[in-house]
Amino acid sequence: MRFTLSSTALSNKLSALSKVINSKNALPILGDFVFDIQGQTLTLTASDSENTMRTTIELAESDGDGRFAIGNHDVLEAVKGFSEQPITFDVNQEQNLAKISYQNGLFSLPIENADEFPIPAPVSETANSITISNALLAENISRTIFATAQDELRPVMNGIYFDLTPDCLAVVASDGHKLVRNKVFTIKSDEPAAFILPKKPANLLRNLLGKDGGDVTIRFDERNAEVNYGDGILQCRLIEGRYPNYNSVIPQGNPNEIRADRLGLLAALRRVQPFANGASNLIRFHAEGTTLQLDAEDYDFSKTATERVACEYNGMPMSIGFKGSAFIEILSNFESPEVIIQLADPSRAGLVLPSEQPDNQDVLMLMMPMLIND
């Protein structure tokens, strides 16, 4: 079997697929790429047993159909340094060898029988479906994934929750201390449905999706999802279980409102946060009039820091404690020039909102307070 294709196309596709492969695998063949030639199309597949990615390349020439597997590291290292040129594979399946020739040379690599490669469980025919632009999906994953947990006892918290309702698609993540809820009003369904996307496929999608305006179709049932992103397909196993009622923890009446420049507040927090106690990372926020004062202290090492940030505040003077590193993450995942911090009292959750909501979306982030000693 012999086929020819673009070196750049092959390198780019293999590089994207390699992100799904684990460094250690229960099955040795999961360290391989599968090459499947049908007519003038090459389908490439990689998997870690829970997540499987497939993509296709049009071949310049091909003299037959066939399948084989080849070690991911060897072939990726071999082709990624090429300038754009045609490369030709001569595959001898009886000798389990592939010879790969290019402009100035030739190398050969062992191949394996692709029939040993595991086939992912298909999504059921009655699966639910969501169609969303790839830029919007990438944006929502980026905005929420930082808030997911790493909790062995509550695995449902370790992924991003997609909640399809008659009003909107809500994309939610929480680790119990911070929460992100993003509503997308252009996507809704009369039949409510939901799934929890694990972090690894979420990160894979975030890195794969572009901003070219194309659409992504997500088909999902109770256990599996299939994401068709135009340039390929990602099949993944979902996190099973019931996600907590996230709406019940979002306070409805936080009357005290701070409005501040987002980048200015973010820079101030980054300067003050290294002086906070290493264990708690507590930063005291004191709002009064037109000033938000940030205080950090670590008496074990005789370190303190104070910085004042200009703001607009409409309530009585208040001091409230927040985890500095988590607040930095929240501010870093907004794009608006200003943020609004809504507070009730020092013992209740604070809400952080952008001063300008994205088109047809509603973004809300929540931070649980920390106890401060007056």
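Reference entry: report on the structure contained in this document.

Calculation criteria
Residues numbered from 1 in each chain as written. Predicted model: local features only at pLDDT ≥ 70, side-chain atom pairs only at ≥ 80, totals over all residues. Heavy atoms only, no water. Pairing = 2+ DSSP bridges. Helix = DSSP H or I, 4+ residues; strand = E, 2+ residues; numbered from the N terminus. Axes fitted to C-alpha atoms, helices over the stretch in contact; angles between N-to-C directions. Parallel < 35°, antiparallel > 145°, perpendicular 65-115°, else oblique. Left-handed = near helix turned anticlockwise from the far one by under 90°. Contact = heavy atoms within 4.5 Å. Nonpolar A, V, L, I, M, F, W, Y, C, P; charged D, E, K, R; others polar.

## Some points on the pairing of strand β20 (residues 291-298)
Across 5 bridges, the pairing between strand β19 (residues 282-288) and β20 is antiparallel. Residue Phe285 lies in a different strand from β20, and its bridge partner there is Leu294. Linking two consecutive strands that pair antiparallel, namely β19 and β20, is a turn of 2 residues; a positive phi of about 60° is found at Gly289 within it. Between β20 and strand β21 (residues 303-313), which pair antiparallel and follow one another directly, the connecting turn spans 4 residues, one of which, Ser302, has a positive phi of 55°.

## Topic: the packing of helix α5 (residues 262-272) against helix α6 (residues 324-332)
Where α5 meets α6, the axes come as close as 10 Å, and the angle between the chain directions of the two elements is 155°. Comparing the axis directions of α5 and α6 gives the class roughly antiparallel. In the packing of α5 onto α6, the handedness of the crossing is left-handed. Only Phe327, Ile328, Leu331 and Ser332 of α6 make contact with α5, whose side of the interface consists of Arg262, Leu265, Leu266, Leu269 and Arg270. A class-by-class count of the residues in the contact of α5 with α6 yields 6 nonpolar, 1 polar and 2 charged.

## Comments concerning the environment of Pro369
Inspection of the secondary structure puts Pro369 in the segment after β25 (361-367). With sequence-adjacent residues up to four places away left out, Pro369 is seen in contact with Ile320, Gly321, Phe322, Pro346, Ser347, Arg348 and Ala349.

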